[in-house]
Amino acid sequence: VVLDRTTYVPRYPGVRLIEYDRGPGVTRTGRYLDAAAGRVGLPRRHQSAWFAPLADAVRGEPASHVLAHNAPLMPWLLRGTDHRVSIYAHNQLFRTFSRGEADRIVGEASAVICVSDALADDTRRLLPRALASRVDVVENPVDTIRFVPATQRREGPVRVLFVGRMIPEKGADVLARAAAEFSAEQVEFTFIGSQGFNPAAP
C-alpha cells in the first residue's frame, strides 16, 4: 500500500506500507491550465507534479498490478515500466479530458475500475469508444463479519446515517429532501461530512 504520509491514520495493519511526500497541491488555476493543456495535446503539468512523487514511489517496486485510486495520470506517468496500471475510479475523473487526451492517458491503462454502474456509464460516454471495453464495475465491499442485519427490530425510529462530502454529486441534498417526508418518530437522519477533505472545510 502506497500512501501520502499525511493521510489515513491509523495505518493499515498487516501490509507493507510505502509512504511518500506528496507534491504541490493543484490550485483552481492549475486545474484550468491543465485542462487547456490537455486539449491541445500537452501534458497536465500541475497534476503531473502532484502525482509524480507517487509514481516515483511505485516505479522502483517489482512489476505489479497497480490500482491507482482516483489517479488518472498514473498509467501515463508509469508508461515504459513493467507495471500494469488500472485506474480505480471513485469519482468522475475524465470530465475535463478531450477524447484525444483520454486516448493518450487511458490508452496506457489495463482497466478503468468504477465503483458503480452509473459512474461506469458516465465514464464510457467520456472515453473514446475503443476504450469503453476497459471500463468495469467493482462495487465498494462491505465487511459482512462486522456488519450484519439485526436479528430483531429495536425500539424507536429507524436511523439513517450519511457520511461523505457535502457536494451535489454525493446526493446529501436528495437525502435531506427525502427526510422531510418522514416524522422524527419514524426516521432519524444524521449527516456527517464537509465540503472537502480539509478538516477545516465548511
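See the structure above.
Position labels on residues start from 1 in each chain and follow its written sequence. Under the rules for a predicted model, residues below a pLDDT of 70 receive no local features and side-chain atom pairs below 80 are neither given nor counted, while totals for whole chains, interfaces and linings still include all residues. Only hydrogens and water are set aside; all other atoms, that is, all heavy atoms of the structure, feed into the side-chain values.

Asker: Just to check I follow, could you spell out the packing of aromatic side chains for this structure?
Answerer: Describing an aromatic ring pair means giving the distance of the ring centres and the angle of the ring planes. The aromatic pairing rule takes the rings of Phe, Tyr and Trp, using the six-membered ring of Trp, and pairs them if the centres are within 6.5 Å, calling planes under 30 degrees apart stacked, those over 60 edge-to-face and the rest tilted. On inspection of all chains with the given rule, the structure shows three aromatic pairs. Here Phe94 and Phe97 contribute two aromatic rings whose centre-to-centre distance is 5.4 Å and whose plane-to-plane angle is 80°, an arrangement assigned as edge-to-face. Note on exposure labels: buried denotes an accessible area under 20% of the residue type's maximum, exposed denotes more than 50%, and partly exposed covers the range between, all computed with a 1.4 Å probe on protein chains only. Accessibility expressed as a relative area gives 5% for Phe97, which makes it buried. Look at Phe162 and Phe191: their rings are 6.0 Å apart centre to centre, the planes differ by 40°, and that puts the pair in the tilted class.

Asker: Any chance you could explain the side chain of Gln92 here in plain terms?
Answerer: Looking at where Gln92 falls in the secondary structure, it is placed in the loop between strand E4 (84-89) and helix H4 (99-106). Whenever a nitrogen or oxygen atom comes within 3.5 Å of another N or O atom, the pair is scored as a polar contact, on the condition that within protein one atom can donate a hydrogen and the other can accept it, and that pairs from neighbouring residues in sequence are kept only if both atoms are in side chains. One polar contact links the side chain of Gln92 to the main-chain amide nitrogen of Phe94, over a distance of 3.1 Å. One polar contact links Gln92 to Thr123, side chain to side chain, over a distance of 3.3 Å. The contact criterion used is simple: two residues touch if any of their non-hydrogen atoms lie within 4.5 Å. Ignoring any residue separated from it by four or fewer positions in sequence, one finds Gln92 in contact with Leu119, Asp122, Thr123 and Leu126. Strands here mean DSSP runs of E at least two residues long; helices mean DSSP runs of H or I at least four residues long; both are numbered from the N terminus.

Asker: Help me out: how do you make sense of the packing of helix H1 (residues 28-39) against helix H2 (residues 45-59) in this one?
Answerer: Relative orientation and spacing of two packed helices are given, respectively, by the angle between their axes and the distance between those axes. Interhelical geometry of H1 versus H2 gives an angle of 115° and a closest axis separation of 7 Å. When the axis of H1 is compared with that of H2, the two are roughly perpendicular. Contacts from Gly30, Leu33 and Asp34 in H1 reach Arg45, His46 and Gln47 in H2. All amino acids are sorted into three groups, where Ala, Val, Leu, Ile, Met, Phe, Trp, Tyr, Cys and Pro are nonpolar, Asp, Glu, Lys and Arg are charged, and the leftover types, Gly among them, are polar. Considered class by class, the residues forming the contact of H1 with H2 number one nonpolar, three polar and two charged. Note on geometry: axes are lines fitted to C-alpha atoms, helical ones only across the stretch in contact, with angles between N-to-C directions running from 0 to 180 degrees. An angle below 35 degrees is treated as roughly parallel, one above 145 as roughly antiparallel, one from 65 to 115 as roughly perpendicular, and anything else as oblique.

Asker: Explain the nonpolar core to me, please; I cannot follow it from the model alone.
Answerer: One broad trend across soluble globular proteins is that nonpolar side chains are buried collectively. We call a set of buried Ala, Val, Leu, Ile, Met, Phe, Trp, Tyr and Cys residues a nonpolar core when their side-chain atoms join them within 4.5 Å. Residues Met74, Phe94 and Val106 are the most contacted members of the largest nonpolar core, which totals 35 residues. Counting residues per element, the ones that place at least two in this core are strand E2 (18-20), H2, strand E3 (65-69), helix H3 (74-77), E4, H4, strand E5 (111-114) and helix H5 (117-126). In terms of residues, this core owes the most to one element, H2, which gives five residues. Sequence-distant contacts of Phe94, that is, excluding residues within four places in its chain, are made with Pro72, Ile87, Val106, Val112, Thr123, Leu126 and Leu127.

Asker: Looking at this structure, I do not really get the pairing of strand E8 (residues 187-192). What am I missing?
Answerer: On a regular strand, one side chain projects to one face of the sheet and the next to the other, so that they alternate. Strands are treated as partners if at least two bridges between them are detected by DSSP. Pairing analysis gives six bridges linking strand E7 (residues 158-163) to E8, with the strands arranged parallel. Opposite Val158, over in E8, you have Val187 as the bridge partner. With the strands pointing away from the viewer, any crossover whose connection runs clockwise from the first strand over the helix to the second is right-handed. What joins E7 to E8 is helix H6 (residues 172-179), and the crossover it makes is right-handed.

Asker: Honestly, a nonpolar patch on the surface in this entry has me stumped. Any pointers?
Answerer: A grouping of Val1, Tyr12 and Val15 is seen on the molecular surface, where their side chains present a nonpolar patch of about 250 Å² in accessible area. Here Val1 is to be found in the segment before strand E1 (2-4). Classification of Val1 as partly exposed rests on a relative accessible area of 42%. Here, patches come from residues exposed beyond 30% relative accessible area and free of salt bridges, joined within 9 Å for like charges and within 5 Å for nonpolar side chains (Val, Leu, Ile, Met, Phe, Trp, Tyr). Per-residue accessibility takes into account occlusion by the displayed protein chains alone, with areas from the Shrake-Rupley method and a 1.4 Å probe. A pair is scored as a salt bridge if a Lys or Arg side-chain nitrogen falls within 4 Å of a carboxyl oxygen belonging to Asp or Glu.

Asker: Help me out: how do you make sense of the environment of Trp50 in this one?
Answerer: For Trp50, the location among the structural elements is in helix H2. Sequence separation between Trp50 and Pro24 is 26 residues, and the spatial gap between their C-alpha atoms is 5.6 Å. The residues contacting Trp50, other than those within four sequence positions of it, are Arg22, Gly23, Pro24, Gly25 and Val26.

Asker: I'm lost on the sheet that holds E5 in this one. Help?
Answerer: Working definition: the strands of a sheet are paired by backbone hydrogen bonds and lie parallel or antiparallel to each other. Strands sit in the order E3-E4-E5-E6 across an open sheet of four strands; the sheet is parallel. Each edge of the sheet is formed by a strand with only one pairing partner; in this case those strands are E3 and strand E6 (135-137). Each neighbouring strand pair of the sheet contributes to a mean axis angle of 30°, computed without reference to strand direction. In this structure, E4 lies alongside E5, joined through four bridges in parallel fashion.

Asker: Help me understand H2, please; the structure alone is not making it clear to me.
Answerer: Two residues of an α-helix separated by three or four positions point the same way, owing to the 3.6 residues in each turn. Here the bend at each residue means the angle between axes fitted to two seven-residue stretches, the one ending at that residue and the one beginning there. Along H2, the sharpest kink reaches roughly 45°, centred on Phe51 and followed within four residues by the proline Pro53. Buried residues along H2 sit in contact with E1, E2, H1, E3 and H3.

Fair warning: the whole summary comes from geometry, so function is off the table for now.
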